[in-house]
Amino acid sequence: MSFSQIDHYEKEYADTHHDTALNVAQGVEQQPIVNPYFKRRKRSQLTTEAYVRGILAGDITTLSQAITLIESNNPDHYAQAQEIIGQCLPHAGNSVRIGITGVPGAGKSTFIEAVGGMVTALHHKLAVLAIDPSSERSGGSILGDKTRMESICHNPDVFIRPSPSAGSLGGVARKTRETIVLCEAAGFDVIFIETVGVGQSETAVHSMVDLFMLLQISGAGDELQGIKRGIMEMADLMVITKADGENIHKAELARTQFQSALRLFPMPDSGWRPQVCTCSSVDRTGLEEVWKGVEAFLEHTHNNGYFRQNRNRQNKYWMYESINEVLRHSFYHDPRIEARIDDFEKRVLDDKLSSFIAAKELLDIYFSKFK
C-alpha cells in the first residue's frame, strides 16, 4: 500500500469518526488577565495640615507617605514636602543622630538589630534610615533591610525606612536629612543612619549626625590598612564586630591595634578621643559597652558645647548644599541649555572647543536671562 493510499484512508476515517482523539476541541475564549470589573481607586492625597497632624501624632503610615513625598521627583510633591518640613521643624531636633558605617560584611544590619532591641528596652523610640545601593545598570535597589532585622521590624517603637541611593548621593543625603526632621517630629529620639559602606556616602552622612560609628571586623588583613584613614578620622566610636567564638582573641587584638592607631591622629574638634569597643551581635555581648560609649560621647559634647556648635555648622552646610542643588537643577532644566548642551559636548569631544570655554559660554547663555 502506498503512502497516498494510507493518507486517503486516514482522511476518510477522520471524516466519519468525529469523536476520535484526532479531533481538537474548540476550547474556551482566552480570559483577560485583569478582572474587567475591577476599578482602581486613586488614593486621595492628604492635605499638608493632615500630614503634619498625623506625623505629630506618631502615625507611622502618615510618616511613611510624607517621606515618599520627599523622595518623589514630582515638583508638586516636592513643594508640599517642603511645607510639611517647615511645619514640623519646630518639633524636631530632640534626638541623637548616629551614623553607622563599615566595610561590606561587617554586620551593620545585624548590629543595628541587636542594638535597636536594647535601645527600645531603655524606653527610646528608634528610627533606622538605611541608604541602599542602587544598581548602576538597572537603577534598582533590593531595599531588604527590613528582612534582615526581623526581631525589631515589628516593634511599634521602631521605624525602618530603606531608601535607594539611585546613583545620586547628594540628592539622597539631602532627602535623608529632611526625613530626619519628620522622624524627630514623630517622636523618635534615636536616629540610626546606615550608609552604603563604600564611596563618599560616609562623608555625606557625617555631615548630618551627632556621632559617627565605624564598624570593623578582625582577621580581614592588616588592621591598620583595613580602612582608609579619612574614614577612621571621622569616627567617634569604633566597634569591632563578630567578637565571638574563636574570633574573640582576634577581636581584642584588633581593638588594641586600632586604639593605638587612633592615638596618632590629631585631637578632633569635639575634644573627644575616639574609643574602640568589641561586641557580638549574635551572642548579644559588648552591646552595653557600645551604648555607654555613645552616652559618654553625648555627655562630653553637651558639656563642652560642641554638640550645639556641630548642629549649627551642619545647618549652615546644608543651606549652601540646598542652594547648589537648586541652581544645578535650574541650569540643566533650562530650555535654552537643553537645546545647546549636546552641541557643546560634541565640540568638546571633537577637540574643537575647550571644556572651560564651553562651560563659560553655557553659563553666559543661562545668566543672560537675568539681564
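Residues numbered from 1 in each chain as written. Predicted model: local features only at pLDDT ≥ 70, side-chain atom pairs only at ≥ 80, totals over all residues. Heavy atoms only, no water.

### Quick notes on the overall build of the protein chain
Move 1: Secondary structure assignment for the protein chain yields 14 helices and seven strands.
Move 2: By the burial criterion, 41% of the 371 residues in the protein chain qualify as buried.
Move 3: For the protein chain, the exposed surface amounts to about 22000 Å²; the carbon and sulfur share of it is 55%. (Helix = DSSP H or I, 4+ residues; strand = E, 2+ residues; numbered from the N terminus. Buried < 20%, exposed > 50% of the residue type's maximum accessible area, 1.4 Å probe, protein only. Areas by Shrake-Rupley, 256 points an atom, 1.4 Å probe, with all protein chains shown as cover.)

### Here's the deal with helix α14 (residues 355–367)
Count 3.6 residues to each turn of an α-helix, and residues three or four apart come out pointing the same way.
Move 1: Over its 13 residues, α14 runs 18 Å from end to end, which matches the ideal 18 Å to within 8%, given 1.5 Å per residue.
Move 2: Residues of α14 that are buried include every one of A358, L362, I365 and Y366, and no others. All buried residues of α14 fall inside an arc of 100 degrees around its axis, so they share one side. Away from its buried face, by an angle of more than 90 degrees, α14 presents the exposed residues F356 and K360.
Move 3: Taken together, the buried residues of α14 touch α12 (306–332) and α13 (335–349). (Expected span 1.5 Å × (residues − 1). Arc of directions from axis to C-beta. Contact = heavy atoms within 4.5 Å.)

### So, the pairing of strand β6 (residues 237–240)
Move 1: Burial of the side chains of β6 extends over both faces: L237 and V239 are buried on one face and M238 and I240 on the other.
Move 2: As paired strands, strand β5 (residues 211–216) and β6 are joined by four bridges and run parallel to one another. Across the sheet, residue L214 finds its bridge partner in β6, namely M238.
Move 3: Relative to strand β7 (residues 275–278), β6 runs parallel, the two being bridged by four bridges. (Pairing = 2+ DSSP bridges.)

### A few points about the packing of aromatic side chains
Move 1: On inspection of all chains with the given rule, the structure shows eight aromatic pairs.
Move 2: The interplanar angle of 75 degrees and the centroid separation of 5.7 Å between the aromatic rings of Y366 and F370 together place this pair among those described as edge-to-face.
Move 3: An aromatic cluster is defined as three or more aromatic residues linked by ring pairs; in this entry it consists of F331, Y332, Y366, F367 and F370.
Move 4: Against the face of F344 rests R347, its NZ or CZ located 5.2 Å from the ring centre. (Phe/Tyr/Trp six-rings, centres within 6.5 Å; stacked < 30°, edge-to-face > 60°. Lys NZ or Arg CZ within 6 Å of the ring centre and 35° of its normal.)

### A few points about unusual backbone geometry
Move 1: Unusually for a residue other than glycine, R284 sits at a positive phi of about 60 degrees.
Move 2: By secondary structure assignment, the location of R284 is in the loop between β7 and α11 (287–303).
Move 3: Given the relative accessible area of 41%, R284 is considered partly exposed.
Move 4: A positive phi angle is found at D351, which is not glycine, with a value near 60 degrees.
Move 5: You can see D351 is positioned in the loop between α13 and α14.

### Here's the deal with the pattern of salt bridges
Move 1: Applying the stated criterion across every chain, the model contains nine salt bridges.
Move 2: The partner of D343 in a salt bridge is R347, with the nearest N and O atoms 3.8 Å apart. With D343 and R347 both in helix α13 and four residues apart, the pair spans about one turn of that helix.
Move 3: Assessed through its relative accessible area of 39%, D343 is described here as partly exposed.
Move 4: Across the pair D364 and K360 runs a salt bridge, and its minimum N-O distance is 3.1 Å. Taken as a pair, D364 and K360 lie in helix α14 at a separation of four residues, close to a single helical turn.
Move 5: Within the structure, one salt-bridge network assembled from shared partners comprises D334, R336 and K369. (Salt bridge = Lys/Arg side-chain N within 4 Å of Asp/Glu carboxyl O.)

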